[in-house]
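These are the residues of each chain, in order.
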Amino acid sequence: MILVFLGPPGAGKGTQAKKLAEEKGFIHISTGDILREAVQKGTPLGKKAKEYMEKGELVPDNIIIALIEEVFPKHGKVIFDGFPRTVEQAKALDDMLQKKGLKVDYVFLFDVPDEVVIERLSGRRIDPKTGAVYHIKYNPPPPGVEVIQREDDKPDVIKKRLEVYRKQTAPLIEYYERKNILKKLDATKPIDEVYKEILEVLGNGN
């Protein structure tokens, strides 16, 4: 079974993907993670991707798809988190899966108002030593732990990220709606409720 998680940054896609990976055996593919890993390892594709990233340009779709092919499991259940971001990428993903006799089964749209995303992300703090993530309101760091705020978690940057997301994703939502596989989730609900809704769509056993 192949799932795609769509939604703005801070919508909880990663949290739900992690739960499904731990409890239901899904393999969580985050393009951000595989890109960083390929660059870090200095693989041929990683080197190509790095050239674009260093110029502040978007990594071309053909490189992203090639990276996904490298990590795509022969068998098993997969969640794509944060990919595809454009209709072109969605079509490229469909082509890649079709060659393997597979298809995207469900696309979950994590629906969250902008103000909730801004509150969630602007309150996020990172412990640079351990990488642990805290939130000044919902999960404050323990006393004595020094934390930092990432540049892209500052309100002005978040607003720009949301604008880009809306522009890119609106046509993508339409693309998957036409295929009749889009499921909208109210991602302002508690984590367990959102998870339960996902399981209901998947038929619990998956």
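In the block above lies the structure referred to throughout.
All values derive from a computational prediction rather than experimental measurement.

K.L.:
I would appreciate a short explanation of helix α7 (residues 155-178) in the present structure.
P.N.:
One turn of an α-helix holds 3.6 residues; hence residues three or four places apart share an orientation. With 24 residues, α7 extends 34 Å between its outermost C-alpha atoms, agreeing within 8% with the 34 Å of an ideal straight helix rising 1.5 Å per residue. In the structure, α7 departs most strongly from a straight axis at T169, where the bend amounts to approximately 35 degrees and where the proline P171 lies between one and four residues downstream. Considered for burial, the residues of α7 that qualify are I158, L162, Y165, T169, L172, Y175 and Y176. Among the structural elements, β1 (2-6), α5 (87-99), β4 (106-111), α6 (114-122) and β7 (182-186) are those in contact with the buried residues of α7. Looking at the residues trailing α7, positive phi occurs at N180, about 65 degrees.

K.L.:
Even after reading the chapter, I still don't get the nonpolar core, so can you show me in this structure?
P.N.:
One recurring pattern in soluble globular proteins is that nonpolar side chains are buried together. The biggest cluster of nonpolar side chains holds 33 residues, and the ones touching the most others in it are F80, L93 and Y176. Residue assignment for this core shows that the elements contributing at least two residues are β1, α2 (31-41), α3 (44-54), α4 (61-71), β3 (77-81), α5, β4 and α7. In this structure, F5, A11, V117 and L199 belong to the second largest nonpolar core, which totals 22 residues.

K.L.:
It is not clear to me how the packing of α3 against α4 should be interpreted in this structure. Could you clarify?
P.N.:
Helices that pack against each other are described as a pair by the angle of their axes relative to one another and the distance between those axes. α4 packs onto α3 with a crossing angle of 150 degrees between their chain directions and a minimal axis gap of 10 Å. Judged by the inter-axis angle, α3 sits roughly antiparallel to α4. The chirality of how α3 crosses α4 is left-handed. Residues L45, K48, A49 and Y52 of α3 touch α4, and the partners they reach there are I63, A66, L67 and E70. Its residues assigned to classes, the contact of α3 with α4 comprises 6 nonpolar, no polar and 2 charged.

Criteria and cut-off values
- Residues numbered from 1 in each chain as written.
- Predicted model: local features only at pLDDT ≥ 70, side-chain atom pairs only at ≥ 80, totals over all residues.
- Heavy atoms only, no water.
- Helix = DSSP H or I, 4+ residues; strand = E, 2+ residues; numbered from the N terminus.
- Expected span 1.5 Å × (residues − 1).
- Bend = angle between axes of the 7 residues up to and from the residue.
- Buried < 20%, exposed > 50% of the residue type's maximum accessible area, 1.4 Å probe, protein only.
- Contact = heavy atoms within 4.5 Å.
- Core = buried A, V, L, I, M, F, W, Y, C linked by side-chain atoms within 4.5 Å.
- Axes fitted to C-alpha atoms, helices over the stretch in contact; angles between N-to-C directions.
- Parallel < 35°, antiparallel > 145°, perpendicular 65-115°, else oblique.
- Left-handed = near helix turned anticlockwise from the far one by under 90°.
- Nonpolar A, V, L, I, M, F, W, Y, C, P; charged D, E, K, R; others polar.

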